[in-house]
Amino acid sequence: MSATKKLHPDEKIKADKVGGTLFKAGLGAGAVLLGISIALGAGKGDHWRHFLHAYLTAWSFVFSICIGSLFFVIIHHLAKAKWGIVLRRQAEFITGALPAVALLGLVFLVPVLLGNENLYYWSVKQLHDKQHPFFHHMHHKMGWLDPVFFAGRYAFYFGVFIYMSTWFRKQSQAQDTDGDAGRSEKMRYWSGFAVLVYSLTTVFAVMDLFMTLQPLWFSTIYAVNYFSGAMLATYCTLGLMSMAIQRSGRLTHSITVEHYHDVGKYMFGWTFFWIYTAFSQFMLQWYGNMPEETVFYSYRMFGGWQIVSIIVLVGHWAFPYVSLVTRWSKRILPILAFLAAWQLVFHYIDLYWNVMPNQTWETAGGWIRGPLQGDPELHKVNFHFMDVTLLLGLIGLWLAAVGKSMKGNLVPVNDPKLGECLAFENY
Amino acid sequence: MEAETQAHDDDKPAAHGNGDDHGDAGETSTDGGDTELHGLLAEFETPGALIAAARKVKNAGYTEFDCYSPFPVHGIDDAMGIKRTKLPLVVFGGGLAGLCGGLLLQWWMNAYNWPWNVSGKPTWSLPANIPIAYETTILLSVLTTFFGMWAANKLPQVWHPFFRLDRFAKVTDDGMFIGIEASDQRFELEQTKQLLVAAGATHVEECHTDARPEARSVPRAIYGVMIVLTVAALIPFALAFKARASKSSDPHWHVFSDMDFQPKAKSDQPFAEFADGRANRGEIVGTIARGNLRADDAYYRGLRDGQWITELPAAFKVDADKLNRGQERYNVYCAPCHGFDGAGHGIVPERVALRGGAWEARNLVSSDSVVIKMPNGQLFNTISNGFNTMMGYAAQVPVDDRWAILLYVRALQRGQNATQAELPAGAQVR
Amino acid sequence: MASASEAHADDHGHGAENARETFRGITHDVTKVNLTPIGRWWYPAFGISLLLLGMLVVAVTHLFRTGIGIWGNNNIQGWAWDITNFVFWVGIGHAGTLISAVLYLFRQDWRTSINRSAEAMTIFAVACAGIFPILHTGRPWFAWWMIPHPNDMGMWPQFRSPLMWDVFAISTYATTSILFWYMGMVPDLATLRDKSKDKVRQVVYGLLSLGWRGSARQWHRYERAYLILAALSTPLVLSVHSVVSFDFATSQNPGWHTTILPPYFVAGAIFSGFAMVMTLMLPLRHVLGLKHIITQDHIHAMCKVTVATGTIVGGAYAIELFTAWYSGNLYEWFTFRNRILGPYAWAYFIMVSCNVIAPQFFWVKKFRSNLVFVWILCAFINVGMWFERFVIIVSSLARQALPGAWGYFEPTKWDFMTLAGSFGLFGTLFLLFVRFAPVVAMAEVKAVSPAAHAGKDDH
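Note that this is a predicted model, so its numbers are computed, not measured.

S.K.: Help me get a handle on the pattern of salt bridges, residues and values and all.
M.R.: Using the criterion set out here, one finds 38 salt bridges over all chains in the structure. For the salt bridge of Glu92(A) with Arg89(A), the shortest nitrogen-to-oxygen distance reads 2.8 Å. Taken together, the positions of Glu92(A) and Arg89(A), both in helix H3 (residues 85-95) and three residues apart, correspond to about one turn of that helix. With respect to class, Glu92(A) is no different from Arg89(A); both count as buried. Each of Glu43(B), Glu45(B), Arg167(B), Lys170(B), Asp174(B), Glu205(B), Arg20(C) and Arg24(C) takes part in a single network of salt bridges with overlapping partners.

S.K.: Can you lay out the interface of chain B and chain C for me, pointing to particular residues and giving the numbers?
M.R.: With 85 residues of chain B at the contact, the number on the chain C side is 70 residues. Counting the contacts that link chain B with chain C gives six salt bridges. For the salt bridge of Asp174(B) with Arg20(C), the shortest nitrogen-to-oxygen distance reads 3.3 Å. Viewed at the interface, chain C and chain B are joined by 35 residue pairs in polar contact (both at pLDDT 80 or more). If you list the elements that add at least two residues to the side of chain B that touches chain C, you get strand S1 (35-44), helix H1 (47-59), strand S2 (65-68), helix H2 (76-80), helix H3 (87-113) and helix H4 (126-152) of chain B. The element that contributes the greatest number of residues to the side of chain B that touches chain C is H4(B), accounting for 17 residues.

S.K.: Go over a positive patch on the surface, please, and point to the residues and values.
M.R.: Taken together, Lys80(A), Lys417(A), Lys304(C) and Lys365(C) make up a surface patch of like positive charges. Turning to its location among the elements, Lys304(C) is positioned in helix H9 (residues 296-327). Given a relative accessible area of 31%, Lys304(C) falls into the partly exposed group.

S.K.: Can you lay out the pairing of S2(B) for me, pointing to particular residues and giving the numbers?
M.R.: Along any regular strand the residues' side chains alternate between the sheet's two faces. Residues and elements named next belong to chain B. Residues Phe65 and Cys67 point to one face of S2 and Asp66 and Tyr68 to the other, with burial holding for every one of them. Both S2 and strand S3 (residues 176-181) contribute to a ladder of four bridges, which runs antiparallel. Each residue of the ladder has a partner; that of Phe65, found in S3, is Ile180.

S.K.: Now, about the side chain of His298(C): what can you tell me, with residues and values included?
M.R.: Residue and element names in this part refer to chain C. Here His298 lies in helix H9. The class for His298 is buried, based on a relative accessible area of 2%. Of note is the side chain of His298, whose polar atom sits 3.3 Å from the side chain of Ser113.

S.K.: Mind laying out helix H3 (residues 81-105) of chain C, listing which residues take part and the relevant values?
M.R.: Residues and elements named next belong to chain C. Spanning 25 residues, H3 covers 36 Å between terminal C-alpha atoms, matching the ideal 36 Å at 1.5 Å per step. Of all the bends in H3, the greatest measures close to 40 degrees and is centred on Leu98. Among the 25 residues in H3, 24 count as buried, and that is most of the element. One or two positions beyond H3, positive phi appears at Arg107, with a value near 55 degrees.

S.K.: Got a sec to walk through the pairing of S3(B)? Specific residues and values, please.
M.R.: Residues and elements named next belong to chain B. A large share of S3 lies buried, amounting to six of its six residues. The alternating pattern of S3 places Met176, Ile178 and Ile180 on one face and Phe177, Gly179 and Glu181 on the opposite face, and all of these are buried. Where S1 lies against S3, six bridges are found, and the strand directions are antiparallel. For Gly39, the partnering residue across the bridge sits in S3 and is Glu181.

S.K.: Tell me about the environment of Thr201(A), residues and numbers included.
M.R.: All names here are of chain A. Summarising the element assignment, Thr201 is placed in helix H8 (residues 182-209). Residues Thr201 and Leu56, spaced 145 residues apart in sequence, show a C-alpha to C-alpha distance of 19 Å. Dropping the residues within four chain positions of it, Thr201 is found in contact with Tyr157, Val160 and Phe161.

S.K.: How would you sum up the interface of chain C and chain A? Please name residues and give values.
M.R.: At the junction of the two partners, chain C supplies 37 residues and chain A supplies 44 residues. Looking only at chain C, the three residues that lose the most surface to chain A are Arg107(C), Thr259(C) and Tyr326(C), adding up to 22% of its buried area. At the junction of chain C with chain A, the criterion picks out one salt bridge. Two residues, Asp262(A) and Arg107(C), come together in a salt bridge whose shortest N-O distance is 2.3 Å. For the interface between chain C and chain A, the tally reads 15 residue pairs in polar contact (both at pLDDT 80 or more).

The rules behind these values
The residue count restarts for each chain, going from 1 along the sequence in the order it is written. The lettering of chains begins at A and the numbering of ligands begins at 1, in the order of writing. Local features in this predicted model are restricted to residues whose pLDDT is 70 or higher, and side-chain atom pairs enter the listing and the counts only when it is 80 or higher, whereas totals over whole chains, interfaces and linings include all residues. Note that the side-chain values use all heavy atoms of the structure and ignore hydrogens as well as water. We define a salt bridge as a contact between a side-chain nitrogen of Lys or Arg and a carboxyl oxygen of Asp or Glu at a distance within 4 Å. The secondary structure listing takes helices from DSSP runs of H or I that are at least 4 residues long and strands from runs of E that are at least 2 residues long, numbered from the N terminus. Each residue's exposure class comes from its accessible area (1.4 Å probe, protein chains only) as a fraction of the maximum for that residue type: buried when under 20%, exposed when over 50%, partly exposed otherwise. We call two residues contacting when some pair of their heavy atoms lies within 4.5 Å. Counting of polar contacts relies on pairs of N or O atoms within 3.5 Å, with two restrictions inside protein: one atom must be capable of donating a hydrogen and the other of accepting it, and residues adjacent in sequence are counted only when both atoms are side-chain atoms. Patch construction takes residues with relative accessible area above 30% that form no salt bridge. Like charges are linked within 9 Å, and nonpolar side chains (Val, Leu, Ile, Met, Phe, Trp, Tyr) are linked within 5 Å. Note on areas: these come from Shrake-Rupley sampling with a 1.4 Å probe, and a residue is covered only by the protein chains present in the view. Positive: Lys, Arg. Negative: Asp, Glu. His and the chain ends are not part of the count. Every charge is mapped to an atom, namely NZ of Lys, CZ of Arg, CG of Asp or CD of Glu. Here a strand pair is declared whenever DSSP counts at least two bridges between the two strands. In this scheme, a helix's expected span is set at 1.5 Å multiplied by one less than its residue total. Take the seven residues that end at a residue and the seven that start at it, fit an axis to each, and the angle between those axes is the bend at that residue. Two parts placed together each lose some accessible area; with a 1.4 Å probe, that loss summed over both constitutes the buried area.

See the structure below:
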């Protein structure tokens, strides 16, 4: 038994113009920044190599928040969680951007199909040649890493994501109008199956999209690590988004410091889980010391990338982790907002650290020369201004897509557990 | 709250279903005439009533009071004005100490005090030291939490004045109580009682303690038991110290066999399982152990076609290193008898002479010595297998070193018998 | 949630007396287990446990006198049943911590009915686990060398070895579990103290309960400490089985060296632990008359956690298999094919059918409601999780890189006796716990019951 509360009578729960404004602003800014990025990419003269990598990194950022939000929705139903019902609709809106994210992915998917091997090295035709040094390690999986099959899987993954997210969003929004409590039961019923499908889809999607960037390297925990980063980013996004909505004068009574406190706890928890998976991967490959695995870290542990590694470790884990331990840092909203924004920035840097070194690993010696043979010059971080414009551009387009799906109520008003959520208190 | 309506200041026991009520203590505890008022104990019906009453007591300005309940009542902290405990801060300190301690422990033991090389890896490699530092962090945090909490709660304290009241036994079952101590500045028996009744108490009771000093002291028997137990606990240590300090010719106890007695055959021992009854197994006929072929007669035995060789064997390459090696080995194995100069004045014959004996080692270098005329092969054989009282050195000195020694002996002979004319200019003896 | 009177608890008119009745009911039902003569079932159960424990004593004594040669282990199979049993028992323990700590942090109130016995299970399982690594060292009486202490050999432990990490992880885990368990028990021991009629119990429970008197100022610190311990136990429980997995994963042995092993071991541990909790709890609630405290809802919840973790474990099997193929590492891929098609295929299929297929029945409410069926499935899961460790350890070691060193492990009667004996140790400790300690966290059950809010204003 818990106390319950009714929605405050003066509460503004309608999205109204928020979605439209977001759509227009996001689309405008996104289109302009993307245009600038394309111009920068065209001017760089490395066959779009840098552009594609930077684009994938930025895309990965918005993609991770979308799939994280989908998991947030599913797990909320599965666990019959009450505390976050006031945040659930926002997560549902975010998953509404999945079709747009799928379309944005065509920017790197189409080149793969057309035979541009600058992003995914495995799409090089020469790999099928027996003389190629990687042939021995690669020939058995060339069927898996086939551009057409890859594109097919991409379509399948997004088909699953979009179908599931749409179903949950539609059910939830339909409940707003018809008030049928049975819908909650129905969503809970299917959430078990959904989480199963979700996990397998996510694991393979992440392995396909990001792990195959270094087609010889492998790590079984890689997808789990990516997922934990995605969840961390999702909670940060939901926290910031709620604060923004409250600033616009909506939901001012419904979302309380208690809910933010829980968002903070989850940020803390996922920060821990992220370092746990990251450390497991690093520790085991470092300790095992097998060349086919350590190449991933030996490239990132020296030269310029070493500095980025340390920045990620301190910025994405040590500092926010210690900061989030205390109760007040989760309950004083400006501090929580700062930490959420901080973690989002470092989530991007983490993705950058994951994706961008692949841009040069081949020239740096990669597999052939073996680790540590190259000079520090080759471990240089190839930062370019378009990295930033691409990130902001894609965030703009993603926000536009989120805004597009932002219609109707900002909370599931007829959720049978909403009353308990409104009265929720930490003890 | 509705509880106020049914409050009466009497000792009528609250209606109980299961009849295990001991509410017959009355208003005062009266064992022993010499009592002292500890405070008042008031019972309340529901958690809600307790919270409301606690708030009233606090607002009335009392500080020396406490609520008692069978489970933590949520909302009571605020009603009583309990400040948040500082325990988390203490735990943070404990955790930090655990982290630093864990890292320091590993660094000092594995990298500083005894730098331990494991497959060439660095003695101090942080990733491999993290798991233990992590565990020590948690361990110390946990210990700080556990012991810190009990210390802050002033427990264990197995006796408390309220335990004298039978009614108070319900506090671990279904009873909610407020206890106000007489030591409170605002405490005045009747007034406080009125306050509690007004706050909704269903029962208010005075709690007295025995003022006699002997009733407050720990019984002598308990001290006795503690002393006996302490002494008994010391006995094993005393025995261990005695054993360490005294000498004994008895064989030590084999509590754990420790592989001291193993069912295995040792060399040169009887062993019934084999037909010849010996543990040693000889070489199998017609085989030679790896590396034991030794076909080079000149090198291994100093022979060619059954004759001592006069030159050095081809397998022995002469250079300055070999000569230095020969000198070093000669000084170890030969000089004790033959002397550093080879003239036979080693420390052994000298010591024999000092004791009145007579035993001479052969002079290796005098121009009339048999040794100087010996073919190389024969001298090598003597070094290897001995001659008269000299034992063979084949067991201690490897083949190559024996040739090196021979080389050095030849050098000594050459040096000791050099003529003035042979010396370089300026080095002649005048 | 726990009592029949909950329907009336909110009713202000009768709230007070109904609430007190609820509390008294909980006290009465739980304390009667300890304070009234125990049922007849206890004696044969205890007898069998003691018998098995005796077997353990015999097996261990023989091991001390002779050495680990009495087991089926040999130069190639350096690890076999000993480490299998170790990982099995440690894993069992994890569910207890999960229930007491992690579910507490997630505010899952249903945990209060089962957390005490689950925590007890943790401690006894860790005790069983602890003996195996010590026994397998060969000369167990030198096990104390693993504790860093100044000594006349001037030697320190080797802290960079995963086996040393184990020492720290397991001992920290045992310490934390015992303290957490005991701390949670203190208010209930005080209840037993106050409910006991005879002097011996009053004194013993009185000393153990440290003079607890339910003061609000003490409850305040107590609750905070409880929360902190829960918050510390959560990363701890994650680390313990991760460190156990490091024993394998830091090596270069194909089938052992894979990065998903830490979370996969943790999920497997929780999975096996929940199965064990149900294996114990289903008969226990029946014989102790606690069906209204440990209800069908609790069993539903536990079944759901079991199917969730079982499916995660199944997913990890799949990822491992896929990556072994994807990696292009010949030895890795051989190892996994060998698991499925090699001489230990029988063990592999026991593992998959018990761990991945069996729990899938728990998706369906009808199966979850049939307690006999649930119990049988849980027994299968226990078997399956033991075989998981067997498959990982034995099948990988039997087919290492050098085909000349291939072999096939065969256990001896001493292996069987040690394993069965560890169950005897567990059973003995658990039955003693049931008889003498409060099996349900009364104070916590009361605190989460609706009656705990009786008489409060709606704020």
